[in-house]
Structure formats: structure tokens, C-alpha cells
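Examining the three-dimensional arrangement
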Amino acid sequence: MHCHLDLYPDPHQVAAQCRLNGTYILSITTTPKAWAGTSKLAANNSRIRTALGLHPQLAHERHSELELFDQLLPNAKYVGEIGLDGGKGFKEHWAVQLKVFRHALTSINRAGGRIMSIHSRVSAEAVLEELKSTSGIPLLHWFSGTRRQLKQAVDMGCWFSTGPAMLSTKKGAELASLIPKNRLLTETDGPFGKYQHKSLLPWDVDIAVKQISNIWSVPESEVTHQLMSNFRTLVSNG
Ligand code: MN
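Structural notes, computed from the coordinates. The residue numbers shown here count from 1 along each chain, following its written sequence. pLDDT decides what is reported in this predicted model: residues at 70 or higher carry local features, side-chain atom pairs at 80 or more are listed and counted, and totals for whole chains, interfaces and linings draw on all residues regardless. Hydrogens are left out, water is left out, and the side-chain values use all remaining heavy atoms of the structure.

1. Remarks on the packing of helix α5 (residues 94–110) against helix α6 (residues 124–131)
- All axes are obtained by fitting lines to C-alpha atoms, using only the stretch in contact for helices, and the reported angles, taken between N-to-C directions, cover 0 to 180 degrees. The helix and strand labels rest on DSSP assignments: H or I over at least four residues marks a helix, E over at least two residues marks a strand, and numbering proceeds from the N terminus. Viewed as axis vectors pointing N to C, α5 and α6 meet at an angle of 30 degrees, and their least axial separation amounts to 11 Å. Comparing their axes, α6 and α5 come out roughly parallel. For α5 against α6, the interelement crossing comes out right-handed. Along its contact with α5, which presents W94, L98, F101, R102 and L105, the element α6 presents A126, V127, E130 and L131.
- Charged means Asp, Glu, Lys or Arg here, nonpolar means Ala, Val, Leu, Ile, Met, Phe, Trp, Tyr, Cys or Pro, and polar covers whatever is left, Gly included. Counted by class, the contact of α5 with α6 contains seven nonpolar, no polar and two charged residues. Angles below 35 degrees are treated as roughly parallel, those above 145 as roughly antiparallel, those between 65 and 115 as roughly perpendicular, and all remaining angles as oblique. With the far helix as reference, a near helix turned anticlockwise by less than a right angle produces a left-handed crossing, and one turned clockwise produces a right-handed crossing. We call two residues in contact whenever any of their non-hydrogen atoms come within 4.5 Å of each other.

2. Concerning the coordination of the manganese ion
- Distances from the manganese ion to its protein donors, H2 (NE2), H4 (NE2), E81 (OE) and D189 (OD), fall within 2.2 to 2.4 Å.
- All donors of the manganese ion belong to a single chain; written as a sequence motif, their spacing is H-x1-H-x76-E-x107-D. A residue pair is termed long-range when its members are at least 10 positions apart, and H4 in the segment before α1 (11–21) and D189 in the loop between β7 (184–186) and β8 (194–195) qualify at 185 residues. The residues H4 and D189 share a single accessibility class, namely buried. A 2.8 Å cut-off from the metal defines N, O and S donors, relaxed to 3.2 Å for Na, K and Ca; water is not in the atom list, so some sites may appear incomplete. The cut-offs for exposure are 20% and 50% of the maximum accessible area for each residue type, with area from a 1.4 Å probe on protein chains only; residues under the lower value are buried, those over the upper are exposed, and the others partly exposed.

3. Let's talk about the pairing of strand β2 (residues 48–52)
- Within β2, four of the five residues are buried, which leaves it mostly tucked inside the rest of the structure.
- Strand pairing is assigned whenever DSSP detects at least two bridges linking the two strands. Across four bridges, the pairing between strand β1 (residues 25–28) and β2 is parallel. Bridge pairing links S27 to T50 in β2.
- The definition of a right-handed crossover adopted here requires that, viewed with the strands pointing away, the path from the first strand over the helix to the second runs clockwise. Chirality of the crossover, the property in question, places the unit of β1, helix α2 (residues 35–40) and β2 among those that are right-handed.
- Judged from the two bridges that link them, β2 and strand β3 (residues 78–83) form a sheet pairing that is parallel. Looking at the pairing, L52 lines up with V79 of β3.

4. As for the sheet that holds strand β5 (residues 137–141)
- The parallel open sheet is built from seven strands, whose spatial order is β1-β2-β3-β4-β5-β6-β7. The sheet is open, and its two edges are formed by β1 and β7, each paired on a single side. Pairs of neighbouring strands in the sheet enclose a mean axial angle of 30 degrees, with direction left out of account.
- Judged from the four bridges that link them, strand β4 (residues 115–119) and β5 form a sheet pairing that is parallel. Bridge pairing in β5 places S117 opposite L139.

5. Some thoughts on the side chain of E65
- The topology assignment puts E65 in the loop between α3 (59–62) and α4 (66–72).
- Beyond its immediate chain neighbours, meaning those up to four positions away, E65 contacts T31, P32, K33 and L54.

6. Side note on the state of the cysteines
- Pairs of cysteine sulfur atoms within 2.5 Å are what we label disulfides. Scanning all chains against the criterion turns up zero disulfides.
- C3 supplies the cysteine sulfur nearest to C18, a cysteine that is in no disulfide, at a spacing of 6.8 Å.

7. Looking at the pattern of salt bridges
- Salt bridge, as applied in this entry: a Lys or Arg side-chain nitrogen positioned within 4 Å of an Asp or Glu carboxyl oxygen. In total, this model carries six salt bridges according to the counting rule given.
- Note that E130 and R102 form a salt bridge whose closest N and O atoms lie 2.9 Å from each other. Residue E130 is located in helix α6, and its partner R102 is located in helix α5; the two are separated by 28 residues in the primary sequence.
- You can call E130 buried: its relative accessible area is 14%.
- By relative accessible area, which is 43% here, R102 ends up partly exposed.
- One salt bridge connects K151 with D155, and the closest N-O pair in it is separated by 2.9 Å. Of this pair, K151 and D155 are both found in helix α7 (residues 147–155), four residues apart, which corresponds to roughly one turn of the helix. With respect to class, K151 is no different from D155; both count as exposed.

8. A closer look at unusual backbone geometry
- In this structure, the amide linkage connecting G80 to the following residue, E81, adopts the cis form with an omega of 20 degrees.
- One can find E81 in strand β3.
- Cis peptide bonds are those with omega within 30 degrees of zero, and the linkage from G190 to P191 qualifies with -5 degrees.
- Tracing the backbone through its elements, the reader meets P191 in the loop between β7 and β8.
- Non-glycine residue V122 carries a positive phi angle of around 45 degrees.
- Looking at the element boundaries, V122 is found in the loop between β4 and α6.

All quantities given are derived from atomic positions and should not be read as evidence of function.
Okay, here's the thing in C-alpha cells:
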């Protein structure tokens, strides 16, 4: 549910392998200008869907693309990556991040809601505050807030996507164990997401299935069954 297909060194080759493997991808963009080219990678493959985004780490450089965001939104069933980033090197651009995030959320409300992959690094409290008035469906990607913030997000109806990178840390695995089983999906955040020092590829969600199987103490087949059921529910609500 969160992978930057267009940012792999050879996206066409990765897309071709996904077709062979039958991998589902929510192909995330970081700027509205990337939408057209990235959408082409999903041509003739119904298992790849492209999300329209403006990444909070790029908000200060790309806020002028909000107009393009609004133009493209009617044709985008999914949105992402949007959100806020309070981490080092980005917090100084907080004001413009907030402006971009609010603009996107307002446009999404006007467009009747969307499934939205949300970035909330060092910003969970503020992100959840902004999401209170959304008519979209938030899918919190790689959530790294506190337990209390996680509970708040669950109570607000948020969904979560997690992957091998998050699940291989103690804190990430602990948070994932607190997510209701029927709100969890997998992701890789590749090529940025890494596992054992290697960039994750979209089909590496298999690693996450193994990790979740350990966390839930149930067989992998049961995890896969639950995740597929979650996937169908989310997509049919979007
Ligand atoms: Mn990402």
C-alpha cells in the first residue's frame, strides 16, 4: 500500500516483475508533476494503482504544484503521499507543510473523499488533528507515534500500513501489535524502505507477512487471508 515505483533505478523492470509475481501496489508519488509519468507504469496492470501526492518533505519546494494537484484530483482514486514531517531538516518548513496538507485535505473533501496514504513522521499529533475533519480514509503509513496517538488514530477510524523496515524495530513491532487486525495492511516504502541494508522491492511484503505472523502468533496463511480481506474492505470503501 505504499511504494515509490517511479523512484527505483529501473521502474519498468520492477513493474514487469510485479506483473509476473501478481503483486498489488499502491504506487505513491511525491509531487503532482510525477503523476503522469508514474501512472504510465500502471498501464495494463490493474494490480498497480497510482496515488497523487505532494510529500511533506518537498512541500517547501513544490507548493506551487497545488494547482496541478487540484486539476489531477478528479482522476485520482488514491492520494499519497501527503502529511507532515516534524523531523530534523524539515521542521523549519512546517508552515508551508501545513498549508500544503490543509489544501490537499480541503480539495479531497470537496472531491468526495479519497483513500489517502499519510506521512506522520515526528508529527502524529498534528496530523491526527488535521485529519479530524476529513471525509477521506486515512491510511497511516509507517506510523511511529506514541501508543496513545495510535489509539487515537484507531478510534478515528484510521487504517495502517506497515512493512519490513518498521517491523524489524522493537518500537515498530510493538506499535504494530496494537493495531487492530482488521485495520492493518502491508507496504515496503521501497526504494527508501530498507531491510538488512537493501532497498525493499514491492514483493518483499512477503517479509512483512512473516513478521506479522510472529507478532500475531498465527500461521502465515492466516495473516495473508486477513490482509487480503482488509485490502478488499478498504478498496471497496474508497
Ligand atoms: Mn514514502
